[in-house]
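A look at the structure
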Amino acid sequence: MTDTSAHHFEVQTFHGAYWLVARREDDMASAMAAADQAGLDGVGEAVQVVRCEAFPSYGHEVRTVLRRWSSGTAAIDAGTPLVLPGTEEVCQDLADLREDRGRNSVAQALARWLAESALTPVELLHSEAHARRLAEAGVVLQGAAQKVAVAQVRESGTPVQKRFKDLLALCDSALAEMTAEARAEPSVPLDEVGWGAFCAGLSARLPASQLSPARLRAAQLRALAGWLASCKGWLERAERIGALVSADLPPRDLAPLDMVAAEIVAGRGAPAELAGRGSDRETQIRTLVALNAGETDRGRERPTLATLATLIGMGLAPRTRSAIRRRVAIEIGGGGPLRAGASLAMEVEALAEIRTALQGSPPLGEDAELAELLERRALRAITPEAVHGWLDGCRSASERFRSLIRLADRIPFAAAKAKLLEFAQGTCSVEDLIREGAGSVRDITGSVRDVTGSVRERAAAVPLLAELHREVTAATIDPGSKARLQDELDAALLELLRTDVMGAANRSYSERVVTLIRLCGACPLPEGRARSMAVETIGRALAGQEFVSSFLKRFRTEAERKQALGMLRNLLLASGLARGGSEASQPLAGTGR
């Protein structure tokens, strides 16, 4: 079972290449207030409030960024390190190398070699065979030592060459110590013994004088390194760790499994193996997010991976959760498309899917840094070239318009929605939409064609503009862009109704009113100035006798007049414009009797 303690909150400040803990608070309100003040005082280039959940038996804290304040010029890369007290101390022996700070240094200095070997720092530092193989690759080891030496003496005044020689001597002594450990503790077939039984036997076997947490942990990790020695890749390693997992293990015995699993997830190329060969970046990110939530799509074919995922989802692998969060941040912030094809629509769809996955995988869904990285990626994807290139495939103005609205609706960030619609201005004008609508002859009602004829002029665009207005209203886009588009479409509808319908000089008053009813019956007008004008016009026509009398003169027989009035009444009801609903159409019904 887990041993998480009560969480606390940190106020962290950003200083170019790293974060520092400026203050620690027990409640979030105090941390938020302190962060606000730090921002006002200009402490660092950015400030963030972080919730920390402590796991003492694991020696680890899970951090979630709750809120971030940053200047527009702050360039904060994904995975920017947090400098904690003691993390910059120089390693002096093998025990130091095996601590978090030592393993992190090894992971950075030997990143390429570890990735090519599909090897974790834990395995390298607890296996005489792996360490000897590195020592025999002299150029690799010397290059890594040189890199670390330069970084460590940058501000200390110590000559680089001296530190370089000290590091090589440290590597020699560490190899000698691991060789002695291997002779004293041969590898154990953990699949036969079982992890729980091995850990219990280890505690009973070690003398009381040697049963310190550090020595016990080192012995456990040596056994795991031996157990994983024959693995060829990250996925096989993850499965082997999953085979040892049991939720009833005490935190002391789960912690080393969690440590190795975390470094597997952090391995370069690990997301691709866990998601499946040939998977795209989106699938890899969603695979990691699913693991964080305790799920995997490959559980049926790889049951031990599903067991590991369950452990993570139960909160019993805090280091792995932190590693997943960092790897997700790096993958989101990295270059390259999320999906194959690299089209704007695919990138937006992938971003929306990732955001949805994060929201269902706590605590990732509430992490402000991940949300910021997603938004930055969305903004980066939206360029004039990408927008216009994507719209090139649309065959009409309305198709371009609809595609933009649907894409903006799908983008999960207000700033990205506004940027997309800003770049899209000019790709299709309202006049383009009117020409398209007017160019297609529409027999909108069919059954009343003989009464009113077909609308073959600009007014035929009214239904199209009304449809587009409703789509804009229903879309989840930023309020400013929505209001602008609604106003443009409403103004165009109003102008068409005034000028091309009611202002048509070559038609009688009754023909103009019927055309207005007919257009609005085919596609009811949205709320706005155009609708208000139509309601007022139709209400005035129905209130007097001029419209009805003039309309009925066109028909010779009583049967024709009755049929025409019935059709006109149905159109009036469908339009939804008449005040009072069906009651407003009673003059027509009464006239037809």
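Everything discussed here concerns the structure shown above.
Residues numbered from 1 in each chain as written. Predicted model: local features only at pLDDT ≥ 70, side-chain atom pairs only at ≥ 80, totals over all residues. Heavy atoms only, no water.

Considerations on the overall build of the chain
When helices and strands are tallied, the chain shows 31 helices and five strands. The burial tally for the chain puts 49% of its 593 residues in the buried class. For the chain, restricting intrachain contacts to residue pairs at least 6 apart in sequence, the fraction spanning at least 24 positions comes to 65%. Accessible surface, the chain as shown: approximately 27200 Å² in total, 51% of it carbon and sulfur. (Helix = DSSP H or I, 4+ residues; strand = E, 2+ residues; numbered from the N terminus. Buried < 20%, exposed > 50% of the residue type's maximum accessible area, 1.4 Å probe, protein only. Contact = heavy atoms within 4.5 Å. Areas by Shrake-Rupley, 256 points an atom, 1.4 Å probe, with all protein chains shown as cover.)

Details of the pairing of strand S2 (residues 19-25)
Where strand S1 (residues 8-14) and S2 come together, six bridges link them in antiparallel fashion. When the bridges of S2 are listed, Gln12 appears paired with Val21. Counting the residues that bridge the hairpin from S1 to S2 gives four residues, and of these Gly16 lies at a positive phi of roughly 85 degrees. By the bridge criterion, two bridges tie S2 to strand S5 (residues 82-83) in an arrangement that is parallel. Bridging across to S5, Leu20 finds its partner in Val83. (Pairing = 2+ DSSP bridges.)

Concerning helix H10 (residues 195-205)
Three or four residues apart is the spacing at which side chains of an α-helix point the same way, because the helix has 3.6 residues per turn. The set of residues buried in H10 consists of Trp195, Phe198, Cys199, Leu202 and Ser203. Projected onto a plane normal to the axis of H10, the buried residues spread over an arc of 135 degrees and lie on a single side. (Arc of directions from axis to C-beta.)

As for the layout of surface pockets
There is about 680 Å³ of room inside the second largest pocket. Contributing to the lining of the second largest pocket are 32 residues, with Pro213, Ala214, Arg215, Arg217 and Ala218 lying nearest its centre. Listing elements by their share of the lining of the second largest pocket, those giving two or more residues are helix H2 (94-98), helix H3 (100-109), helix H8 (160-184), helix H11 (213-228) and helix H13 (251-266). (1 Å grid on protein atoms, 1.4 Å probe; cavity = no way out; pocket = protein on both sides within 12 Å on 5 of 7 lines; lining within 4 Å. Points joined across faces, edges and corners; volume = space filled by probe spheres on them.)

A short note on the sheet that holds S2
The strand order S4-S3-S1-S2-S5 describes an open sheet built from five strands, whose pairing is mixed. Edge positions in the sheet fall to strand S4 (60-70) and S5, since each has one partner strand and no second. In the sheet, strand S3 (residues 46-55) pairs with S4 via 10 bridges, with the strands oriented antiparallel. Bridge assignment links Val50 to a residue of S4, and that residue is Val65. This element, helix H1 (residues 28-41), spans S1, S2, S3 and S4 of the sheet and lies at about 45 degrees to S4. (Axes fitted to C-alpha atoms, helices over the stretch in contact; angles between N-to-C directions.)

Considerations on the pattern of salt bridges
A complete count under the given rule lists 40 salt bridges for this structure. As a salt-bridge pair, Arg63 and Glu10 come within 2.9 Å of each other at their nearest N and O atoms. With Arg63 in strand S4 and Glu10 in strand S1, this residue pair connects regions lying 53 residues apart in the sequence. Exposure class is identical for Arg63 and Glu10. Each is buried. The shortest N-O distance in the salt bridge between Glu181 and Arg222 comes to 3.4 Å. You can see Glu181 sitting in helix H8 and its partner Arg222 sitting in helix H11, a full 41 residues away along the chain. Each member of the pair, Glu181 as well as Arg222, carries the same accessibility label: buried. (Salt bridge = Lys/Arg side-chain N within 4 Å of Asp/Glu carboxyl O.)

A few points about helix H21 (residues 397-410)
Here H21 contains 14 residues, and its C-alpha end-to-end distance of 20 Å stays within 8% of the 20 Å for a straight helix at 1.5 Å per residue. Summarising burial for H21: 10 of the 14 residues are buried, a large majority. Along H21, the positions that sit buried rather than exposed are Ala397, Ser398, Arg400, Phe401, Arg402, Ser403, Leu404, Ile405, Leu407 and Ala408. Where H21 is buried, its residues contact helix H18 (344-359), helix H20 (384-391), helix H22 (414-424), helix H23 (430-439), helix H25 (462-474) and helix H26 (479-501). (Expected span 1.5 Å × (residues − 1).)

Describing the packing of H20 against H22
Between H20 and H22, whose axes approach to 9 Å, the crossing angle comes to 70 degrees. Overall, the two elements H20 and H22 adopt an arrangement that is roughly perpendicular. Crossing hand, H20 versus H22: right-handed. Contacts between H20 and H22 involve Pro384, Val387 and His388 from the former and Leu420, Phe423 and Ala424 from the latter. Grouping the constituent residues of the contact of H20 with H22 by class yields five nonpolar, one polar and no charged. (Parallel < 35°, antiparallel > 145°, perpendicular 65-115°, else oblique. Left-handed = near helix turned anticlockwise from the far one by under 90°. Nonpolar A, V, L, I, M, F, W, Y, C, P; charged D, E, K, R; others polar.)

Examining the side chain of Asp96
Note on placement: Asp96 falls in helix H2. Residue class for Asp96 comes out buried when judged on its relative accessible area of 17%. Not counting residues within four places of it along the chain, the set of residues in contact with Asp96 comprises Val90, Cys91, Arg101 and Gly102.

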